[in-house]
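Fold and contact review
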Amino acid sequence: MSKALGIPAKRALPSKESTLFKELLQLYETRQLKKGLKTADHILKKFPEHGETICMKGLVLTHMGRREEGIDLVKKGIRLDLTSHICWHVFGLIQKGEKNYEEALKSYLQALKFDKDNLNILRDAAQLQTQLRLFDGLTAPNVRQNWIALALAHHLNGTSRRLILMDVPDYDIEHSETLLYYINVLEQLGELNDALSVLDANAKSRAIVDRTAIMETRARILTKLSSEEAPTAWRTLLDHNADCYDYYSGYLSSKHLSLTSPTPETLTQLTELSVALPRVPSLFSDVKSLYSDLEKLPILEEVAKTLLPTEDSDPSTHLWTLYYLAQHHSHLHRHQEALKLLEEALAHTPTLPELHMCVARVLKRAGDPWGAAKALNDARLLDGQDRFLNTSKDAPSPGADLEDMQSMLYLIEEANAHRRNGKLNLALKKFEAIRKIFDEIEDDQYDFHGYNIRKFTLNIYLKYAHFIMTCLHAHSYVSAAIQSAQIFVQVHDDPSIVTSLTTSHGLSDAEKKAKKKAAKKAQQRLSRRKSVPQQAQQEDKGLDVGPAKDEDPEGVKLLSAKDPLEQAAKWVNSLPSIKLLQAVRALNKGHALSPSHPEVHIRTVELKHFASSLSQEPPAPIGPLFTSSISKISLMQHSGSGSAILAVAKAQRILEAPLPEIESAVFTTLDEGVELDIQTATTALAFLTSLKSSRVDEYRKASDAKFELSTF
């Protein structure tokens, strides 16, 4: 933190105190906080209104854990010296620690007004601009001390043509990464032939040392050039790593096919791969999207029949074929056939955990969660070193352990279970945990902005930046946001949900005992932390705000928010915004992809009902276009699918049909000839419960009789 020329009188210090202030800066940089605090106090004895020293003392106190006292001193120091770059830089550091990035950037920019060449402040400001996606500011002339950083800034800002490839040493990682990055830029600019030439030349000379990256980049560019060599390039990668989904997608793309829009030719290609690569347990995951097309089911059935193993089959091929066929039948709700195949596979190889896990999935789909849990535990016992299977076996609280490990799958499932059981407070608590995980992901990227420049991990950084920009599109976050908003709207419509809720309401004796045990263990952990000698504790507490104590473990206060509609709006606003015309466009696209999908039907009814409820048409040119677009969306015809019939019942509710009429539609799902799976039946039961129907038990008993394996 250098001082500018023309120091104001109130900032000037005598020689002795000036030396002490420089020592204070050095002590802070080396985190000798206690000595730094003594040095600051020594200066302030003679100059109690020296703004820069007061700010530095506040910064030191904040690091020592005395946050409130430290922040008050920093604010006081700024008021005493508004033209000091040190004061504004310190204030920016405090705001950054509080994750208030917008205000921190303002403080850094204010500091740069008084010391525009300060590299430390420039670097901190550049990282914040990257964090906030303010890429325009990154390409300003005063950030050009680091040319690689400038190249990334231009790339992220969409001005890639201004990139410059600087001279770097040959035959090292930094040179290799820079060349791969340069090729990536050429590829994105559409200069594919140049990119391929640079890649081939530097791969031959071994200037690029990452051989996998060479193969991936070459296959990708050849595919974009529609080269005949592209399929061979992707096939080489599949031989290199048959477990990579992107390689299958790239291989099909090189043949103008797609897994997301499957055709019979796609199935043929995947069948050929299954023969050439017989030991790929994840094959079913790759072809699962084909099952959504009813026209392709007969083809899948024929292929499944050809895969039936014989006595002459290779033992490994025999095993994995049974595994695939079990998943095939389970996906088509033929759970008994799937279990028979798995019994045969287990008789062949009883020690393979994947088979027991598949049994668990089949039983879960069949409605037997207890049997599924037992099968999964059998899989766990076969391999005590497998972290996936044994994540929480030794944890005092498995749920807390999985939450600490940020297991989205577990949190979503637990939240859904609480919601199905009517414990909206606990469901909301788990959805809030998911939001905090995504907040942490957003905050954790900050240090990586500078790290990638130092370590030259340029290509990985670009992939990471793209992930961060789209991470809120993740299914887990979208599901948490939508369901949280629905819960808050439900609370607004029915305040009795909150008034009838207590922290112990609905807990069984076993749950109360488990809760008491968990609280006791938490208290023991806290006592052990307090018993650690003071000198053994870390002196530097950092600038980041520590995790607050959870005063609402049951989520009752969260559910009891005074403004539930505002809380719902916060969740919805965190999602990518969708306007009226965008909603119609998305619905039209969904209708084109699958006109008979139940959700398309429900959303169509919702949108048309919303349009009819508008007091006046939206202003031109949006209004007429919206009206004409929505009129073109057709409703789903009656179907023999249970999910389709349930969608009709939900649409009737939107249209405010009488309760008996809605109940009658739901019970139609149980008719002979209607395809009904356990998940749809469970959803129908929850729907009847939400209607406060008197026929809930009647539907439950009828479902029990229909699903023999179910233990719900």
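Scroll up a little and you will see the structure.
All values reported here derive from a predicted model rather than from experimental measurement. Counting from 1, residues in each chain are numbered in the order their sequence is written. At least 70 in pLDDT is required for a residue's local features to be given in this predicted model, at least 80 for side-chain atom pairs to be given and counted, and no such filter applies to totals for whole chains, interfaces and linings, which use all residues. As a rule here, side-chain values cover all heavy atoms of the structure and leave hydrogens and water aside.

So, about the environment of L80. Along the chain, the position of L80 falls in helix α4 (residues 67–80). Once the C-alpha coordinates of L80 and R11 are considered, the two residues, 69 residues apart in sequence, prove to be 9.4 Å apart. Any two residues having at least one pair of non-hydrogen atoms within 4.5 Å are treated as being in contact. Setting aside residues no more than four positions away along its own chain, L80 makes contact with K10, E49, G51 and I54. Each helix is a run of H or I in the DSSP string that is no shorter than four residues. Each strand is a run of E no shorter than two, and both are numbered from the N terminus.

Bringing the nonpolar core into the picture now. I183, I208, L342, L355 and V359 are the most contacted members of the largest nonpolar core, which totals 61 residues. Considering each element in turn, this core owes the most residues, 7 residues, to helix α18 (residues 315–331). The residues touching V359, leaving out its near neighbours within four places in the chain, are L339, L342, L346 and A375. Grouped together as the second largest cluster of nonpolar side chains are 40 residues, L20, I54, L61 and Y101 included. The set of buried Ala, Val, Leu, Ile, Met, Phe, Trp, Tyr and Cys residues whose side-chain atoms join them within 4.5 Å is what this entry labels a nonpolar core. Under the scheme applied here, a residue whose accessible area is under 20% of the maximum for its type counts as buried, over 50% as exposed, and between as partly exposed, the area being computed with a 1.4 Å probe on protein chains only.

Right, let's talk about the environment of L37 for a bit. Mapping L37 onto the fold places it in helix α2 (residues 33–46). Given a relative accessible area of 13%, L37 falls into the buried group. In the structure, L37 is positioned 10 residues away from L27 in sequence and 9.1 Å away in space, judged by C-alpha atoms. Ignoring anything within four residues of it in the chain, the contact list for L37 reads K57, V60, L61, M64 and R66.

Within this analysis, patches are made of residues with over 30% relative accessible area and no salt bridge. Like charges are joined at 9 Å or less; nonpolar side chains (Val, Leu, Ile, Met, Phe, Trp, Tyr) at 5 Å or less. To be clear on the numbers: accessible area is Shrake-Rupley with a 1.4 Å probe, and residue cover counts the displayed protein chains and nothing else. By definition here, a salt bridge exists when the distance from a side-chain nitrogen of Lys or Arg to a carboxyl oxygen of Asp or Glu is within 4 Å. For the purpose of charge, His is not counted, nor are the chain termini; Lys and Arg are scored as positive and Asp and Glu as negative. A single reference atom marks each charge: NZ on Lys, CZ on Arg, CG on Asp, CD on Glu. Taken together, the side chains of K288, R361, K364, R365 and R420 present a region of like positive charge at the surface. R361 gets classed as partly exposed once you look at its relative accessible area, which sits at 31%.

Below, the discussion takes up the packing of aromatic side chains. Aromatic ring pairs are reported here in terms of the distance separating the ring centres and the angle at which the planes meet. Two aromatic rings, drawn from Phe, Tyr or Trp (for Trp, its six-membered ring), form a pair once their centres lie within 6.5 Å of each other, and the interplanar angle then sorts them: stacked below 30 degrees, edge-to-face above 60, tilted otherwise. Across all of its chains, the model carries 6 aromatic pairs by this definition. Pairing W234 with Y247 gives two aromatic rings, centres 6.3 Å apart and planes at 50°, and the pair type is tilted. One end of the pair, W234, is in helix α13 (residues 230–240); the other, Y247, is in helix α14 (residues 245–254), with 13 residues separating them in the sequence. Overall, the relative accessible area of 9% leaves W234 in the buried class. Measuring from ring centre to ring centre gives 6.0 Å for Y477 and W571, while their planes differ by 40°; the resulting arrangement is tilted. With Y477 in helix α27 (residues 475–493) and W571 in helix α31 (residues 564–573), the pair connects residues that are 94 residues apart, well separated along the chain. Summarising the burial analysis for this pair, Y477 and W571 share the class buried. Among the aromatic residues, ring-to-ring pairing joins F438, Y477 and W571 into one connected group.

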